[in-house]
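# Structural overview
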Amino acid sequence: MVNGIDRPLDLLNSAKGKEILVQLKSGKQFVGTLLAFDIHINVVLEGAKEVENGEQTTSYGLTFLRGDTIVFISPSAN
Amino acid sequence: MVNGIDRPLDLLNSAKGKEILVQLKSGKQFVGTLLAFDIHINVVLEGAKEVENGEQTTSYGLTFLRGDTIVFISPSAN
Amino acid sequence: MVNGIDRPLDLLNSAKGKEILVQLKSGKQFVGTLLAFDIHINVVLEGAKEVENGEQTTSYGLTFLRGDTIVFISPSAN
Amino acid sequence: MVNGIDRPLDLLNSAKGKEILVQLKSGKQFVGTLLAFDIHINVVLEGAKEVENGEQTTSYGLTFLRGDTIVFISPSAN
Amino acid sequence: MVNGIDRPLDLLNSAKGKEILVQLKSGKQFVGTLLAFDIHINVVLEGAKEVENGEQTTSYGLTFLRGDTIVFISPSAN
Amino acid sequence: MVNGIDRPLDLLNSAKGKEILVQLKSGKQFVGTLLAFDIHINVVLEGAKEVENGEQTTSYGLTFLRGDTIVFISPSAN
Amino acid sequence: MVNGIDRPLDLLNSAKGKEILVQLKSGKQFVGTLLAFDIHINVVLEGAKEVENGEQTTSYGLTFLRGDTIVFISPSAN
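Notes on the structure follow. (Residues numbered from 1 in each chain as written. Chains lettered and ligands numbered in written order. Predicted model: local features only at pLDDT ≥ 70, side-chain atom pairs only at ≥ 80, totals over all residues. Heavy atoms only, no water.)

On to the relation of the copies chain G and chain A. With an RMSD of 0.0 Å, the fit of chain G onto chain A corresponds to turning through 51° and sliding 0.0 Å along the axis. Little of the interface of chain G is mirrored in chain A, where only 4% of its interface residues are also at the interface. (Least-squares fit on C-alpha atoms with pLDDT ≥ 70 in both. Contact = heavy atoms within 4.5 Å.)

Here's what the structure looks like:
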């Protein structure tokens, strides 16, 4: 088992500064470097890029994603 | 009757470290090892894989699933 | 009138250990033995089976159902 | 004006033990005898029957209806 | 400007005992006499009638409308 | 930059007594004079008129709009 | 990594007075100068313009956007 993940937010904390994949309820996905998050799962990505069907379609740079639109978050490198 | 499940979260607690199936409101399912959960039913899966029509389609590794997108959770081995 | 049901949760309390029918917002139904519930109407079923058009389609065993996906709950034996 | 209804829940309180009609967000309606309700508008009906297009289609007996799925409630006899 | 409406609920308070129009999120409208409301905008109408395309289709009498299904409320006589 | 708008509600406060445009989640728009609002963004309009495709279709007079149905609010005169 | 963004709202704070892009759940986008925001992610834009398919379609001037309709916010200049 992975060490140090006792609570769900521990995974987000360990992913700070790393690239993550964010799935939105609308069906779209974002990739980018996780800079910050809070208990509402609001997140800020650096170098955010929208992904559709596996292809990056739009670059947004620094982006604030509202937590209630998020389905799941996965660090890319695991 | 199953011993030791007095409250709904007791089932999730007893499933830590075991494989679970998670049904999302979008219709998709995830399987993976339950590492952590909280009272919002946010969960972290290790070795998360998306399942569609009974087939595993995408591997995400460590994944944070937001609780309000979840319909049900079932430990696979019961 | 039925005795002992002063508050809605009293019905769920009296149904512990009995088979119940759970209607989800997605249109699906589950049947199973009610083991536990909480004030969010999160429930745990033992021997949970999905029902579509009156036929049991999938067995899930022990299952946690998130309260905010539930429309109604009816003990089967009444 | 009707006496004794100063707050919305007063109507539900005066309807205890009487037949009510419950409209759900899904478009379905239930009729049954109101046994209990709470501030979330969770209700318990005795002799609950589903109604579609004015016809009773399914009998559920004692049924717990989750408040956030309800559009309106009307006592049948008024 | 209309006197005495400093807060939104002041309008509902001044409409007690008068006929109001209630627009629901489902697209349906109700007319009836406002008997009671609370801070959730739950309302009770006397002589409630459903309106579709400007025509009254169904009479419900005393009716409790759940606040979270309401889009707007307009006193008919203004 | 516009003076005096430190918090979002400051804009609504400065728009009291003026005509505003309200966009609803249903796709409909209302115009009318803003009389009152609260922290839920419930608003009361005087002389409320529904607008579809830029044309005013229905007059409602004094109208209470529930905050959770609102997408945006714009004072017409700016 | 970008300095000074420890919490998600820090990005919005640093974007005050700058042009931002706001994605709504309805699929529409707004651009405008961020004047104010709060913890609900309600925002006020100056010179707000609606954008569809990359083209600015409607100018609204000063506009209050309700937080729960927002998917993401991205400062344009990053």
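Turning our eyes to something else, we now look at the pattern of salt bridges. For the structure on display, the rule yields 28 salt bridges over all chains. Across the salt bridge formed by R66 of chain C and D68 of chain C, the nearest N and O atoms sit 3.0 Å from each other. The class of R66 of chain C is buried, set by a relative accessible area of 13%. Here the residues in one salt-bridge network are K25 of chain A together with R66 and D68 of chain B, joined through shared partners. (Salt bridge = Lys/Arg side-chain N within 4 Å of Asp/Glu carboxyl O. Buried < 20%, exposed > 50% of the residue type's maximum accessible area, 1.4 Å probe, protein only.)

What follows deals with the interface of chain F and chain G. Accessible area lost upon the coming together of the parts is a frequently used measure of interface size. Listed as interface residues are 23 residues of chain F and, on the opposing side, 21 residues of chain G. Between chain F and chain G, the buried area comes to about 1,800 Å², and carbon and sulfur atoms account for 67% of it. Where chain F packs against chain G, one counts one salt bridge. Linking K25 of chain F and D68 of chain G is a salt bridge whose minimum nitrogen-to-oxygen distance equals 3.0 Å. Counting across the chain F and chain G interface gives eight residue pairs in polar contact (both at pLDDT 80 or more). Those elements that provide at least two residues to the side of chain F that touches chain G are α1 (8-14) and β5 (70-75) of chain F. (Buried area = accessible area lost by both parts, 1.4 Å probe. Polar contact = N/O pair within 3.5 Å; in protein donor to acceptor, adjacent residues only side chain to side chain. Helix = DSSP H or I, 4+ residues; strand = E, 2+ residues; numbered from the N terminus.)

What follows is about the arrangement of the chains. A minimum C-alpha distance of 15 Å separates chain B and chain D, which share no contact. For the non-touching pair chain A and chain F, the nearest C-alpha separation works out to 15 Å.

For P8 of chain F, the location among the structural elements is in helix α1. Owing to a relative accessible area of 1%, P8 of chain F belongs among the buried residues under this scheme. Sequence-distant contacts of P8 of chain F, defined by excluding residues within four places in its chain, comprise A36, F37, D38, N42, V43, V44 and F64 of chain G.

Remark: the empty space left among the atoms is shown by a probe the size of a water molecule rolled over them. What the largest pocket holds in volume is close to 600 Å³. If you trace the largest pocket, you find it lined by D68 of chain A, K25 and D68 of chain C, K25 and D68 of chain D, R66 and D68 of chain E, K25 and D68 of chain F together with K25 and D68 of chain G. The residue inventory of the lining of the largest pocket, partitioned by class, reads no nonpolar, no polar and 11 charged. Volume-wise, the second largest pocket comes out at about 480 Å³. If you go around the second largest pocket, you meet 22 residues; those closest to its centre are D38, I39, H40 and I41 of chain F together with R66 of chain G. Classifying every residue of the lining of the second largest pocket by side-chain character gives seven nonpolar, seven polar and eight charged. (1 Å grid on protein atoms, 1.4 Å probe; cavity = no way out; pocket = protein on both sides within 12 Å on 5 of 7 lines; lining within 4 Å. Points joined across faces, edges and corners; volume = space filled by probe spheres on them. Nonpolar A, V, L, I, M, F, W, Y, C, P; charged D, E, K, R; others polar.)

A word on the environment of L24 of chain G. Tracing the chain through its elements places L24 of chain G in strand β1 (residues 19-24). Residue classification places L24 of chain G among the buried residues on the basis of a relative accessible area of 2%. As a C-alpha pair, L24 of chain G and I5 of chain G span 19 residues in sequence and 23 Å in three-dimensional space. Beyond its immediate sequence surroundings of up to four residues, L24 of chain G is in contact with V71 of chain F together with F30, L65, T69, I70 and V71 of chain G.

So, on to the interface of chain G and chain A. Counting from both sides, the interface comprises 23 residues of chain G and, opposite them, 21 residues of chain A. Of the roughly 1,800 Å² buried where chain G meets chain A, counting both sides, 67% is carbon and sulfur surface. There are one salt bridge connecting chain G and chain A. Summed over the shared surface of chain G and chain A, the result is eight residue pairs in polar contact (both at pLDDT 80 or more). Counting only elements with at least two residues in the side of chain G that touches chain A, the list comes to α1 (8-14) and β5 (70-75) of chain G. Here the side of chain G that touches chain A gets six residues from one element, more than from any other, and that element is β5 of chain G. Partitioned by chemical class, the residues of the side of chain G that touches chain A number 14 nonpolar, five polar and four charged.

Following the criterion strictly, the structure yields 21 aromatic pairs over all chains and no others. Arranged with centres 5.8 Å apart and planes meeting at 40°, the rings of F30 of chain C and Y60 of chain C form a pair that is tilted. Of the two residues, F30 of chain C sits in strand β2 (residues 29-37) while Y60 of chain C sits in strand β4 (residues 55-65), which places them 30 residues apart along the sequence. An aromatic cluster is defined as three or more aromatic residues linked by ring pairs; in this entry it consists of F30 and Y60 of chain A together with F72 of chain G. (Phe/Tyr/Trp six-rings, centres within 6.5 Å; stacked < 30°, edge-to-face > 60°.)

Quick look at the environment of I5 of chain F now. Structurally, I5 of chain F is set in the segment before α1. Sequence-distant contacts of I5 of chain F, that is, excluding residues within four places in its chain, are made with D10 and L11 of chain F together with L35, A36, V44 and L62 of chain G.

With respect to the helices, strands and loops of the structure, Q29 of chain B is situated in strand β2 (residues 29-37). Here Q29 of chain B falls in the buried class, since its relative accessible area comes to 15%. At 2.7 Å, the side chain of Q29 of chain B forms a polar contact with the side chain of Q23 of chain B. If near-sequence neighbours (up to four positions away) are discounted, Q29 of chain B is found in contact with L21, V22, Q23, K49, E50, V51 and F72 of chain B together with Y60 of chain C.

The next thing to look at is the relation of the copies chain F and chain G. The two copies are related by a screw motion: chain F maps onto chain G through a turn of 51° and a shift of 0.0 Å along the axis, at an RMSD of 0.0 Å. Take the interface residues of chain F: only 4% of them recur as interface residues in chain G, which is what a contact between different surfaces looks like.

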